[in-house]
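# Structural characterization, general
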Amino acid sequence: MKRKLTSLDVTNKRILLRVDFNVPMKNGQVTSDARIVSLLPTINYLLEQNAKVILCSHLGRPKGKIVLEYSLEPVAAHLSKLLEKEVMFAKDTVGEDAAKKVKALKAGQVLLLENVRFNAGEESNDAEFSKQLSKLADVYINDAFATSHREEASMHGVAKLLPNAVGFLVIKELESISEVLENPKRPFVAILGGAKIEDKLAVIDNLLNKVDTLIIGGGMSYTFTKALGGKVGKSIVDDKQIEYCYNVIKNAVNKGVKLLFPVDDVCNTAFDSVDAPKVFASGQTPDEYMALDIGPKTVKLFKKQIKRAKTIMWNGPLGVFENAYYESGTKGVAKAVAKSKAFSVVGGGDTVSAIEKFDLVKHIDHLSTGGGASLMLLEGKELPAIAVIEDEK
Ligand code: AMP
């Protein structure tokens, strides 16, 4: 287990707390603050301990340049409202303003540094930039779970230069995923969806060694349908992965894993067609149609498995849920997961958005804040920015 923030003495110390405040914004206003809210337990704990809290985050992809639209200043204002206390803001990350404001920072105060990705050394994990960051603080804490698959200076380089620990959000994320992967109550049902099968190959390989049932839906399922000899019309298919899909099916049989695919699909002639969609049996999609959601028989089939499950892991929507025509499949499955008494973990940006859209957040045991980071854990790999943190003694 990695060292927790509660194991370090933080009182009166300057704490460099790496967070993920990469939140959606419009016209200089935060439009969804879920990621900020998820960091409040750690920030509040540090404030209660009378630490000097220096927050560091990225926003967007400014690629090492100052791009005002990606300034974190509006986030400081938003956080200040949530904390009901002043949040100071430094107009740079390691420059004069940051140095001056860190020096003036008193115990129990909060300072947010400007977007760390305005610095070219961040994404290249530059040693000199890591050193400059480390000079701002006495202790480093990583609570930026969603960025922990990245080997960047504020995630990785700086952690090696200071006494370090992980924050409450990272602890919760790691514990939830490990409960699912290492110690699942059975039956363990995993549900994978989304458009790109390529991103989930290693996840499928790892899950085949862990689950009792693997449900594959969404855009990625049509490559399997094609591998099984079905007609997929204009549905998205990754022809490079046909053989891989074929091997997954063989491996599932060898390992005794129940593998489920859609049996019917909601189809249309184009993504943006205004015509009413039609339902066809899977593998029988007419040439001029594409499958954009799982059909009603499939929802029933998947629900039956979900109802039996004691552990559920879900990553990837089962249709183009952003469009009301094609949301029923994802919604039906989301409701079944929400209703289930199984321990449920849902990850991936789009899947979490779907759960939020259907107002089911309260009914899921753990909603992961990380997309790429969650997938990497599901692949059975260690996250580089977590690996670098000392183990608990
Ligand atoms: P990913 O980033 O690979 O997890 O894909 C997420 C996206 O997959 C969502 O935006 C969905 O709209 C999309 N998606 C799900 N099912 C389908 C489908 N049948 N055809 C095309 N896109 C899909």
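Structure's up top.
The present account deals with the structure reproduced in this document. (Residues numbered from 1 in each chain as written. Predicted model: local features only at pLDDT ≥ 70, side-chain atom pairs only at ≥ 80, totals over all residues. Heavy atoms only, no water.)

### Let's talk about the sheet that holds strand E7 (residues 139-142)
- Strand order in the open sheet formed by 6 strands is E5-E6-E4-E1-E7-E8, with parallel pairing between adjacent strands. Strand pairing shows two members of the sheet lacking a second neighbour, strand E5 (87-89) and strand E8 (164-166), which therefore form its edges. Strand after strand, the sheet turns through a mean of 25 degrees between neighbouring axes, direction not considered.
- As paired strands, E7 and E8 are joined by 3 bridges and run parallel to one another. In the sheet register, Ile141 faces E8, and the bridge partner there is Ala165.
- The strands touched by helix H3 (residues 73-83) within the sheet are strand E4 (52-56), E5 and strand E6 (110-112), with E5 carrying the most contacts at an inclination of about 170 degrees. (Pairing = 2+ DSSP bridges. Helix = DSSP H or I, 4+ residues; strand = E, 2+ residues; numbered from the N terminus. Axes fitted to C-alpha atoms, helices over the stretch in contact; angles between N-to-C directions. Contact = heavy atoms within 4.5 Å.)

### Digging into the pairing of strand E14 (residues 290-294)
- In terms of residue burial, E14 counts as a mostly covered element, since 5 of its 5 residues are buried.
- The sheet contact formed by strand E12 (residues 264-268) and E14 spans 4 bridges and is antiparallel. Opposite Asp265, over in E14, you have Ile294 as the bridge partner. (Buried < 20%, exposed > 50% of the residue type's maximum accessible area, 1.4 Å probe, protein only.)

### Focus on the packing of helix H12 (residues 296-308) against helix H13 (residues 328-339)
- The N-to-C vectors of H12 and H13 enclose an angle of 20 degrees; their axes lie 10 Å apart at closest approach. The orientation of H12 relative to H13 falls into the category roughly parallel. Considering how the two elements wind past one another, H12 and H13 form a crossing that is right-handed. Along its contact with H12, which presents Val299, Phe302, Lys303 and Ile306, the element H13 presents Gly329, Gly332, Val333, Ala336 and Val337.
- The class makeup of the residues in the contact of H12 with H13 is 6 nonpolar, 2 polar and 1 charged. (Parallel < 35°, antiparallel > 145°, perpendicular 65-115°, else oblique. Left-handed = near helix turned anticlockwise from the far one by under 90°. Nonpolar A, V, L, I, M, F, W, Y, C, P; charged D, E, K, R; others polar.)

### With respect to the site of the ligand
- The immediate surroundings of the ligand are formed by 16 residues, with Ala195, Lys196, Gly219, Ala291 and Glu322 found nearest.
- Lys196 is positioned with one of its backbone polar atoms (N or O) 2.9 Å from an oxygen atom of the ligand.
- Contact with the protein chains covers 85% of the free accessible surface of the ligand, which is 510 Å².
- Looking at the shell around the ligand residue by residue, the classes come out as 8 nonpolar, 4 polar and 4 charged. (Near = heavy atom within 4 Å. Polar contact = N/O pair within 3.5 Å; in protein donor to acceptor, adjacent residues only side chain to side chain. Areas by Shrake-Rupley, 256 points an atom, 1.4 Å probe, with all protein chains shown as cover.)

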